[in-house]
Amino acid sequence: MTEGVPSAGSALPTPAMSSLPLAALNVRVRRRLSLFLNVRAPVAADWTVLAEAMDFEYLEIQQLEKYADPTSRLLDDWQRRPGASVGRLLELLAKLGREDVLMELGPSIGQKPEYFDAFICYCPSDIEFVHEMIRQLEQTNYRLKLCVSDRDVLPGTCVWSIASELIEKRCRRMVVVVSDEYLQSKECDFQTKFALSLSPGAHQKRLIPIKYKPMKKEFPSILRFITVCDYTNPCTQNWFWTRLAKALSMP
């Protein structure tokens, strides 16, 4: 076989995969990669050889050897560097002759990224309401798919870059859980402003604010021109979830 060219049964990098960030690799694939690459064998390239191909220096590789799962740590460190992508990982595995890895994990690595009906922007203190949202919208007949960072984003990823990727390319809408704590969050502020920049004037109805408890502070002015789903209003609570589900299901 020609060096660097995957066989017919392995995963071929596509243009889309070349731009797909390494953060898109799910936990199962990462664990399987560790099972293959953590093993030191004289006849197969292990994680240290992969690290060299990724341009890690000798001292950096020595530091990674201290971890129980060096492959996992290597992927976490590499995905913060320019040029790290799923397609590039496949190219390196092919170049190193790890056809066994490509044959085993190729279909999983090359699968399309997961898409969601809505990205949920919230503060950690509001997580209980987010859990209720999951129960009402995902685990009922609505069958909506929500992107919740604490559940769906892998640890070790850059929160700013992965949030931008999810909001712009993989989530149809964004739900903002507004509270006094939300007003103090730089991460929530960034996510909200980024989503608004994608749809100036909210013409595409991408952003849906929710007020689920009384607030002591003034409602954010940046969201005042968008219709709010108010869970605190007892007169509308009976159809709150139905109304929200319809908004998220709109084409």
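Think of each chain on its own: its residues are numbered from 1, step by step along the sequence as written. This being a predicted model, a pLDDT of at least 70 is required before a residue's local features are given, and a value of 80 or more before pairs of side-chain atoms are given or counted; all residues contribute to the totals for chains, interfaces and linings. Side-chain descriptors were evaluated using all non-hydrogen atoms of the structure, hydrogens and water having been removed beforehand.

## What to know about the overall build of the chain
When you go through the chain residue by residue, the secondary structure sums to 12 helices and 5 strands. Counting over 251 residues, the chain shows a buried share of 45%. Considering only contacts within the chain whose residues lie at least 6 apart along the sequence, 70% involve residues at least 24 apart. Only the protein chains shown count as cover for residues, and the accessible areas themselves come from Shrake-Rupley with a 1.4 Å probe. Here the chain has roughly 13600 Å² of accessible surface; of this, 53% comes from carbon and sulfur atoms. Secondary structure counts use DSSP, requiring at least four H or I residues in a row for a helix and at least two E residues in a row for a strand, with both numbered from the N terminus. Only protein chains enter the accessibility calculation, which uses a 1.4 Å probe; a residue whose area is less than 20% of its type maximum is buried, one above 50% is exposed, and one in between is partly exposed. Throughout, a contact is declared for two residues whenever any of their heavy atoms are within 4.5 Å.

## Remarks on the environment of isoleucine 226
You can see isoleucine 226 is positioned in the loop between strand S4 (207-211) and strand S5 (229-230). When its relative accessible area of 10% is taken as the criterion, isoleucine 226 is described as buried. Taking C-alpha positions, isoleucine 226 is 7.5 Å from proline 209, a pair spaced 17 residues apart along the chain.

## Here we look at the pattern of salt bridges
Salt bridges are counted wherever a side-chain nitrogen of Lys or Arg sits within 4 Å of a carboxyl oxygen of Asp or Glu. On inspection of all chains with the given rule, the structure shows 17 salt bridges. One salt bridge in this structure joins arginine 40 and aspartate 46, with 2.6 Å as the shortest N-O distance. Looking at arginine 40, the relative accessible area reads 52%, which means it is exposed. The class for aspartate 46 is buried, based on a relative accessible area of 7%. Salt-bridge contacts for aspartate 126 lead to lysine 213; the nearest nitrogen and oxygen are separated by 3.5 Å. With aspartate 126 in the loop between strand S1 (116-121) and helix H8 (127-137) and lysine 213 in the loop between S4 and S5, this pair connects stretches of sequence that are 87 residues apart. For aspartate 126, a relative accessible area of 0% puts it in the buried group. Here lysine 213 falls in the partly exposed class, since its relative accessible area comes to 24%. Each of the salt bridges in this network shares a partner with another, and the network as a whole consists of Arg40, Asp46 and Glu65.

## A look at the state of the cysteines
Our working definition of a disulfide is a cysteine sulfur pair at a distance within 2.5 Å. According to the stated counting rule, one finds 0 disulfides in the structure shown. Considering cysteine sulfurs only, cysteine 188 is the nearest to cysteine 123, which forms no disulfide, with 3.9 Å between them. On the basis of relative accessible area, cysteine 123 is assigned to the buried category, the value being 4%. Cysteine 147 takes part in no disulfide bond, and the closest cysteine sulfur, belonging to cysteine 171, lies 4.5 Å away.

## Quick notes on the packing of helix H10 (residues 159-170) against helix H11 (residues 186-198)
It is the contact of H10 with H11, at a shortest axis distance of 10 Å, that shows an interaxial angle of 35°. Crossing handedness for the pair H10 and H11: right-handed. Residues Val159, Trp160, Ala163, Ser164, Ile167 and Glu168 of H10 lie in contact with H11, whose contacting residues are Lys186, Glu187, Phe190, Gln191, Phe194, Ala195 and Leu198. Along the lines of polarity and charge, the residues of the contact of H10 with H11 split into 8 nonpolar, 2 polar and 3 charged. Lines are fitted to the C-alpha atoms to define the axes, a helix being fitted only along its stretch in contact, and any angle between axes, read from their N-to-C directions, falls within 0 to 180 degrees. Helix crossings fall into two classes, left-handed where the near helix is turned counterclockwise from the far one by less than a right angle and right-handed where it is turned clockwise. Under the convention adopted here, Pro, Cys and the residues Ala, Val, Leu, Ile, Met, Phe, Trp and Tyr are nonpolar, Asp, Glu, Lys and Arg are charged, and Gly plus all remaining residues are polar.

## Brief notes about the sheet that holds S1
What holds strands together in a sheet is hydrogen bonding between their backbones, with the strands either parallel or antiparallel. Should DSSP find at least two bridges between two strands, the strands are regarded as paired. As summarised here, the arrangement of the 5 strands in space is S2-S1-S3-S4-S5, forming an open sheet in which the pairing is parallel. A strand with exactly one partner marks an edge of an open sheet, and here the two such strands are strand S2 (146-147) and S5. Taken together, the 5 bridges between S1 and strand S3 (residues 171-178) define a ladder with parallel strand orientation. In the strand pairing of S3, alanine 118 is matched with arginine 173.

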